[in-house]
Amino acid sequence: MCGIVGYIGSRNASDVLIDGLRRLEYRGYDSSGLAVLHDGRIELRRTVGKLSKLINNVSKRPVAGTIGIGHTRWATHGRPSEENAHPHMEGGVAVVHNGIIENYLALREELKKEGARFKSETDTEILAHLISREVRQGRSLEDSVMRALHHVKGTYAIAVISRHEPNKIVGARKECPLIVGLGQKEVVLSSDIPAILDITRKALFLEDGDVAVITRNRVAIKTLNGQDVERAPVVVDWTPVMAEKGGYRHFMLKEIFEQPRAITDTFRGNLMEESGDIFFSDLSLSPGDIDRIYIIACGTSWHAGLVGKFLMEGFSAIPTEVDLASEFRYRNPLVGRKTLVIAISQSGETADTLAAVREAKRKGAYIIAICNVMESSITRDAHWNLMTRAGPEIGVASTKAFTTQLVSLYMLSLYFARKLKRIDEKKGRELVQELVRLPMKLERVLNESGVVEDLARRYFHYSDFLYLGRGINYPIALEGALKLKEISYIHAEGYPAGEMKHGPIALIDENMPVVVLAPNDSSYPKIIGNVEEVRARGGRIIAIVNDGDREVKERSDDFITVPSAPYYLMPVILTLPLQLLAYYIAVFKGTDVDQPRNLAKSVTVE
Ligand code: F6R
C-alpha cells in the first residue's frame, strides 16, 4: 500500500507530484505529503486525510522547485497524523517509503543510543535517520542509501532527496514496485504506471535490490553493493486518457461501463473463430504435464478463481482446487512437479498472492499468472503470464479486472480442453463464438442501468443483504456481497442457495432483502424452491433473471432481467447488475465510492 512519486526536470515539481499522487491515491488515502528542493532548502508539506487537503495547502502556499518526492499513505505503523505522514526528514534528507521495515524497533533503539530523536511513530523515519547518518560522514546520497539499506529487514520502495546534493533523486526497491519513467531531460519515479503517463510511456521497471540514481539527464541502476546493472526500458501500452474519469462521476462507474471493451481486448488476438482454437503464443506448458491445478488469489480475484474451478474441471477435467493466498502457504498444500498454480491478481503486487506463488515455485510447481499490470511482481515470478487487458483500474472496488479474469480463465480452460482433446472442434467453435458474442450482451445489461438505479433508490436504507447463487454463480453471489459491503458499508453475505436452510434462513425477515441469482440453468427449479423459502419467512426478493423468465419473476418483489448465455459465461453477465446495484446504493448513501474507508487497492502487506 502507499504510493510514492518523485520528479526531477524543469517543470514545477509540486504540480507533477500532486498529479502523480492523484493517480496513486487509490493505494492509500490516510494522509499525503511532498518535499521539494529549492535554493538549497527542502520545503515539506504534509496533511492528514485525502489528497485534496494537500492540494489546498499547496495552492495557498505554493512550493517552488523542480525536484521533489511525494507520498500518499495507507497507515501501517502509526495512526494517520501529520507527524506520521511522509516524507520523513532528518539532517537535510527526505524520504518517502512504501513497505514495512520489520526490524525498525531494534534500529530505533540503536539510533536513540547514538542520540537520534524521533518525531513520528513510523518505521520509515528510521530510514531518514540511517541515510542521514551516512551523509553526515561525507558519503554520496546513493552510497548512503545503499549502506542504510544493508541494515534494514523488510520490504520497501523508497525515493530520497538531499539538500546536500540538490540535483539527484535516489530510488530503491525490495518487494514493492518502483517504476522510473524516462522523459526528455526529466524523470518521474512512481509506484505504479498511471502516475508516469502524463510525462512519458517509456519506463524502467526496477527489480528487487536495484538502486536508481537519477539526475535530469541520466538514470544509473546499481545493486545494493554499488555494481552497475542494465535494465532495458519498456514502452507501456496504457495511455493517459485511460487513467482519467472520462466524464463519469466515479472511476468505478466508468470501469463498469468499460467492461465490454475490456473483455474484447482480453480475448482479441487469442482465438480463431473458424476452428474454435484458442492460442497463447507465450505459453509452452502442455496440460498433459500436469495432474492438478491450484488457483490462488485474494478478495475479488479469489472469487474469479472459484469460477475458474468450474471452468477447469468442466472443460478440461483437470482436478482444481482454489485457495485464498493468505491460507495456502500455511496449510502445507500438496504441491509438486506436476502441479500448476494459477495466481490471479489485478495489481500483481498483492503480498499474500506473491508469497504463495514463491512458495509454490519453491516446491517445483509451474506458475501461470493472470494479471492486469505488466512487469508487476507476480508477473515476474510466474513462468507464464496471461495479461487481462482491462486497462488501469483505479476505483478501489474491482470491477473490470474481475470480468476480464473470468474471460481469461474461460480461455485458458478451453485451451487446455482442446489440447487434451476433451472438446472437439465443433464444440470449441461454439464456445468461442459465445465468447465473441458476450460483449454485445453486456452492452444490453449496461443499457438497462436505469432499472438498477431505481432499485437502489428503494433499497439503499436497508442495513443487511443476503446474496444467493448456486453452482458456478455462487462465487458471483460472494462477489455481489463483497462489492456492496466494501463501498456502501452495508452488511452483506453471499451464500450458496442450497445452504441457506442450514443456518442463514434464521436471519430472514422483512428487513433483509435477498438478492437471488436465478438464471435459467439446471439449478433453476431448486432456486425457485429457495425463493419460496425466503418468501415464506417474509423476506424481500430481488431476483436477477434471464429474458423470458416467468416463475421467479412472479415470486419476486423486484427483478432485473439479463440476456441468456451458456452456463460457463453466465457469471460474467450476472456480475454487472450486482456491480451496478452496489454502485448506486453507495451513491444514494453518499459514501466515497472510489476510495472507501480503510481500504487500499494494492495490498502489499501480508
Ligand atoms: C475488492 C478488491 C479486493 C482485491 C484483492 C486482491 O473489490 O478489489 O478484494 O480483489 O485485494 O487484489 P489483486 O487482484 O490486485 O491481487
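Residues numbered from 1 in each chain as written. Predicted model: local features only at pLDDT ≥ 70, side-chain atom pairs only at ≥ 80, totals over all residues. Heavy atoms only, no water.

Participant: Could you give me a rundown of the overall build of the chain, with the residues and numbers involved?
Facilitator: Each helix and strand counted, the chain has 18 helices and 27 strands in total. Since a compact globule built from 606 residues should have a radius of gyration of about 25 Å, the 25 Å found for the chain is in line with a globular shape. Dimensions along the principal axes, computed over C-alpha positions, put the chain at roughly 80 × 55 × 45 Å. Taking all 606 residues of the chain together, the buried fraction comes to 61%. Restricting to contacts in the chain with at least 6 residues of sequence separation, those with at least 24 account for 71%. Roughly 22800 Å² of accessible area belongs to the chain as shown, and the carbon and sulfur atoms make up 47% of that amount. Side-chain charges in the chain split into 78 positive and 77 negative, and the spacing between the mean points of these groups amounts to 3 Å. (Helix = DSSP H or I, 4+ residues; strand = E, 2+ residues; numbered from the N terminus. Rg over C-alpha atoms; globule rule 2.2 N^0.38 Å. Buried < 20%, exposed > 50% of the residue type's maximum accessible area, 1.4 Å probe, protein only. Contact = heavy atoms within 4.5 Å. Areas by Shrake-Rupley, 256 points an atom, 1.4 Å probe, with all protein chains shown as cover. Lys, Arg positive; Asp, Glu negative; His and termini not counted. Charge placed at Lys NZ, Arg CZ, Asp CG, Glu CD.)

Participant: Just give me the short version of the nonpolar core, but keep the residues and values in it.
Facilitator: Leu 412, Phe 416, Phe 465 and Tyr 467 are the most contacted members of the largest nonpolar core, which has 88 residues in total. Take this core: its biggest share by element is 14 residues, from helix α18 (residues 570–589). Those residues within four positions of Tyr 467 in sequence are excluded, and the remaining contacts are Ala 477, Gly 480, Ala 481, Leu 484, Ala 492, Glu 493, Gly 494, Tyr 495, Val 515, Leu 578 and Leu 581. Counting 33 residues, the second-largest nonpolar core is a separate cluster that includes Val 16, Tyr 29, Val 36 and Val 236. (Core = buried A, V, L, I, M, F, W, Y, C linked by side-chain atoms within 4.5 Å.)

Participant: Residue-level account of the pattern of salt bridges, with values.
Facilitator: Applying the stated criterion to the full structure yields 45 salt bridges. Across the pair Glu 359 and Lys 363 runs a salt bridge whose closest N-O atoms are separated by 4.0 Å. Across the pair Lys 426 and Glu 430 runs a salt bridge whose closest N-O atoms are separated by 3.4 Å. Here Lys 426 pairs with Glu 430, and both are found in helix α13 (residues 425–447), just four residues apart, close to one helical turn. Connected through shared salt-bridge partners, Arg 173, Glu 175, Asp 208, Arg 358 and Asp 381 make up one network. (Salt bridge = Lys/Arg side-chain N within 4 Å of Asp/Glu carboxyl O.)

Participant: I'd love a proper account of the site of the ligand, names of residues and values included.
Facilitator: Among the 15 residues in the neighbourhood of the ligand, the closest are listed as Ser 301, Ser 345, Ser 347, Thr 350 and Glu 486. Separating an oxygen atom of the ligand from a side-chain N or O atom of Glu 486 is a distance of 2.5 Å. Computed on the free molecule, the ligand has an accessible area of 410 Å², of which 89% lies beneath the protein chains in the complex. Elements that contribute at least two residues to the shell around the ligand include exactly α8 (299–316) and α15 (474–488). Across the shell around the ligand, the residue classes tally to five nonpolar, eight polar and two charged. Inspection of the shell around the ligand shows a minimum of three residues originating in each of domain 2 (251–445) and domain 3 (449–589). (Near = heavy atom within 4 Å. Polar contact = N/O pair within 3.5 Å; in protein donor to acceptor, adjacent residues only side chain to side chain. Nonpolar A, V, L, I, M, F, W, Y, C, P; charged D, E, K, R; others polar. Domains from an automatic or database assignment.)

Participant: I'd like a rundown of the sheet that holds strand β9 (residues 179–182), residues and numbers included.
Facilitator: Pairing in this open sheet of eight strands is antiparallel, and the strands run β3-β2-β4-β1-β10-β9-β11-β15 from one edge to the other. If you trace the sheet from one side to the other, it starts and ends with β3 (41–48) and β15 (234–235), each paired once. With two bridges connecting them, strand β11 (residues 202–205) and β15 associate as antiparallel partners. Opposite Ala 203, over in β15, you have Val 234 as the bridge partner. Packing of helix α1 (residues 13–24) onto the sheet brings it into contact with β1 (3–8), β2 (31–38), β4 (67–73) and β10 (187–190), and relative to β1 it is tilted by some 155°. (Pairing = 2+ DSSP bridges. Axes fitted to C-alpha atoms, helices over the stretch in contact; angles between N-to-C directions.)

Participant: Break down the domain arrangement of the chain for me, with residues and values.
Facilitator: Partitioning the chain into domains gives domain 1 (3–243), domain 2 (251–445) and domain 3 (449–589). Between the C-alpha centres of domain 1 and domain 3 the distance comes to 45 Å.

Participant: Please set out α15 residue by residue, giving values where relevant.
Facilitator: For α15, which comprises 15 residues, the first-to-last C-alpha distance of 21 Å matches the rise-based estimate of 21 Å (1.5 Å per residue) to within 8%. Of all the positions in α15, only Pro 475, Ile 476, Ala 477, Leu 478, Glu 479, Gly 480, Ala 481, Lys 483, Leu 484, Glu 486, Ile 487 and Ser 488 are classed as buried. Where α15 terminates, the next one or two residues include Tyr 489, which has phi positive at roughly 65°. (Expected span 1.5 Å × (residues − 1).)

Participant: Please provide a residue-by-residue account of the pairing of strand β12 (residues 211–214), values included.
Facilitator: Of the two faces of β12, both are covered, the one formed by Val 211 and Val 213 as well as the one formed by Ala 212 and Ile 214. Both β12 and strand β13 (residues 219–222) contribute to a ladder of four bridges, which runs antiparallel. Note that in β13 the partner of Val 211 across the bridge is Lys 222. Counting the residues between successive antiparallel strands, the hairpin from β12 to β13 contains four residues.

Participant: An account of the packing of aromatic side chains is needed here, citing residue identities and associated values.
Facilitator: Under the defined criterion, the tally for this structure stands at 12 aromatic pairs. Taken together, a centroid distance of 6.5 Å and an interplanar angle of 80° make the contact between Tyr 462 and Phe 465 edge-to-face. The same class applies to Tyr 462 and to Phe 465, which are both buried. Ring-pair connections join several aromatic residues into one group, and the members of that group are Phe 315, Tyr 410, Tyr 567 and Tyr 568. Positioned above the aromatic ring of Phe 118 is the side chain of Arg 108, whose terminal nitrogen or guanidinium carbon lies 4.6 Å from the ring centre. In this structure, Arg 597 packs its charged tip against the face of Tyr 489, placed 3.8 Å from the ring centre. (Phe/Tyr/Trp six-rings, centres within 6.5 Å; stacked < 30°, edge-to-face > 60°. Lys NZ or Arg CZ within 6 Å of the ring centre and 35° of its normal.)

Participant: Give me the sheet that holds strand β27 (residues 558–562): which residues, what numbers.
Facilitator: In spatial order, the strands read β24-β23-β25-β26-β27; together these five strands make up an open sheet with parallel pairing. Looking at the sheet topology across the chains shown, the edges are occupied by β24 (491–496) and β27. Strand-to-strand, the axes of this sheet are offset by a mean angle of 15°, without reference to chain direction. Here strand β25 (residues 513–518) pairs with strand β26 (residues 540–546) via six bridges, running parallel. Along β26, the bridge assignment pairs Val 514 with Ile 541. Contacts from helix α14 (residues 449–459) reach β23 (464–469), β25, β26 and β27, with the element oriented near 160° to β27. Each of β23, β25, β26 and β27 touches α18; the most contacted strand, β27, lies at about 135° to it.

Participant: Quick rundown of unusual backbone geometry? Include the residues and the values.
Facilitator: Geometrically, the link from His 86 to Pro 87 is a cis peptide bond, its omega value of 0° lying close to zero. Counting through the fold element by element, Pro 87 comes out in the loop between β4 and β5 (88–90). Within the chain, Tyr 489 stands out as a residue other than glycine whose phi angle is a positive 65°. Considering the arrangement of structural elements, one finds Tyr 489 in the loop between α15 and β24. For Tyr 489, a relative accessible area of 26% translates into the label partly exposed.

Participant: Provide a residue-level description of the layout of surface pockets, including the pertinent values.
Facilitator: The space that makes up the second largest pocket amounts to roughly 400 Å³. Looking at the second largest pocket, it is lined by 20 residues, and the ones nearest its centre are Arg 22, Glu 25, Lys 245, Phe 251 and Gln 595. The set of elements that each furnish at least two residues to the lining of the second largest pocket consists of α1 and α2 (51–60). (1 Å grid on protein atoms, 1.4 Å probe; cavity = no way out; pocket = protein on both sides within 12 Å on 5 of 7 lines; lining within 4 Å. Points joined across faces, edges and corners; volume = space filled by probe spheres on them.)

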